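Listed below are the residues making up each chain.
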Amino acid sequence: MVAQGFTVDLNKALVFQVGHLGEAYQEWVHQPIVSKEGPRFFESDFWEFLTRTVWWAIPVIWLPVVCYSISVSLWMGHTVPEVALMVVFGIFVWTLMEYTLHRFLFHIKTKSYWANTAHYLLHGCHHKHPMDGLRLVFPPAATAILCVPFWNLIKLMSTPSTAPALFGGGLLGYVMYDVTHYYLHHAQPTSEVPKNLKKYHLNHHFRIQTKGFGITSSFWDKVFGTLPKSKSAKSK
């Protein structure tokens, strides 16, 4: 049941409040609050702890898994150039997954109580509080769970000796994505490429939230026609 005229209390745990917004959730979640201090999600300290992740935990936890996975394909007889190609292909596939998940899952329209709640946990919280540094990268526990179907899918579509390197490449792509994402929100790049990438991503948050779904690059936005127009192009 949606409460009519419901107002979210930002001083209380948010997760089980946002569902009550109903159809108003979409408008509310896309009005960002720019603060480095994130809100409380849960009353429970245990569940609250699981929602907070420091950025450096991602490479510390997952790069050893990447290295091990790649090593397995080498131990099984593949040459270094062969494994390198598998890893590059895995990274490439990840970039497409990154775009697809962001566009079609993270930006799905919701209005029911539980759909709003799930969306807020998945991605809505990031759009509402884009500078919350402890809820920017994906929690390792959730990543570990999602790795299981991802690994099984790769095993199904490849050979026993190529699957580990492909998996390692995809996982490396994920690590690059999450670290890049954190960098774009919290670093102050001075060189041209990262400066443009930061501008491109913040444009997605603060100007055109229905375009610009790529994080590590704008490649798939160009391919699928979701590249946002620049301000100069729109003014012509």
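Residues numbered from 1 in each chain as written. Predicted model: local features only at pLDDT ≥ 70, side-chain atom pairs only at ≥ 80, totals over all residues. Heavy atoms only, no water.

For the chain, the name recorded in an unreviewed UniProt entry is Fatty acid 2-hydroxylase 1, with Nicotiana sylvestris as its organism. UniProt lists a comment for the chain under the heading Cofactor (unreviewed entry), and it reads "Zn(2+)". What UniProt states about the chain under its Subcellular location (unreviewed entry) heading is, verbatim, "Endoplasmic reticulum membrane". (UniProt positions renumbered as here; feature names shortened; annotations may be inferred.)

1. Quick notes on the pattern of salt bridges
As enumerated under the stated definition, the model contains six salt bridges in all. Two residues, K12 and D9, come together in a salt bridge whose shortest N-O distance is 4.0 Å. Look at D9 and you get partly exposed, because its relative accessible area is 27%. (Salt bridge = Lys/Arg side-chain N within 4 Å of Asp/Glu carboxyl O. Buried < 20%, exposed > 50% of the residue type's maximum accessible area, 1.4 Å probe, protein only.)

2. Some points on the UniProt feature "transmembrane region" (unreviewed entry) in the chain
Mapped onto this numbering, the UniProt entry annotates "transmembrane region" (unreviewed entry) at residues 54-77, 83-101 and 136-154. End C-alpha atoms of residues 54-77 are separated by 37 Å, and the span's content is 79% helix alongside 0% strand. In residues 83-101, helix accounts for 100% and strand for 0%; the two terminal C-alpha atoms are 26 Å from one another. (Helix = DSSP H or I, 4+ residues; strand = E, 2+ residues; numbered from the N terminus.)

3. What to know about the environment of A142
Topologically, A142 is positioned in helix α6 (residues 140-157). By relative accessible area, A142 is classed as partly exposed at 26%. Sequence-wise, A142 and K222 are 80 residues apart; in three dimensions their C-alpha atoms are separated by 30 Å.

4. Focus: the packing of aromatic side chains
Applying the stated criterion across every chain yields a total of 19 aromatic pairs. Taking 6.0 Å as the distance between ring centres and 40 degrees as the angle between the ring planes, the aromatic pair formed by W28 and Y120 counts as tilted. Placement of W28 in helix α1 (residues 25-29) and of Y120 in helix α5 (residues 113-128) is noted, with a sequence separation of 92 residues between them. Take W28: its relative accessible area is 14%, and that puts it in the buried class. Under the relative-accessibility criterion, Y120 is labelled buried at 0%. Between the aromatic rings of F41 and Y120, the centroid separation amounts to 5.4 Å while the plane-to-plane angle is 50 degrees, which identifies the pairing as tilted. One end of the pair, F41, is in the loop between α1 and α2 (45-50); the other, Y120, is in helix α5, and 79 residues separate them in sequence. Comparing F41 with Y120, the two get one shared label, buried. Taken together, the ring pairs connect F92, Y99, F213, F219, W220 and F224 into an aromatic cluster. Positioned above the aromatic ring of W28 is the side chain of K128, whose terminal nitrogen or guanidinium carbon lies 4.4 Å from the ring centre. Just above the ring of F41 sits the side chain of R135; from NZ or CZ to the centre is 3.7 Å. (Phe/Tyr/Trp six-rings, centres within 6.5 Å; stacked < 30°, edge-to-face > 60°. Lys NZ or Arg CZ within 6 Å of the ring centre and 35° of its normal.)

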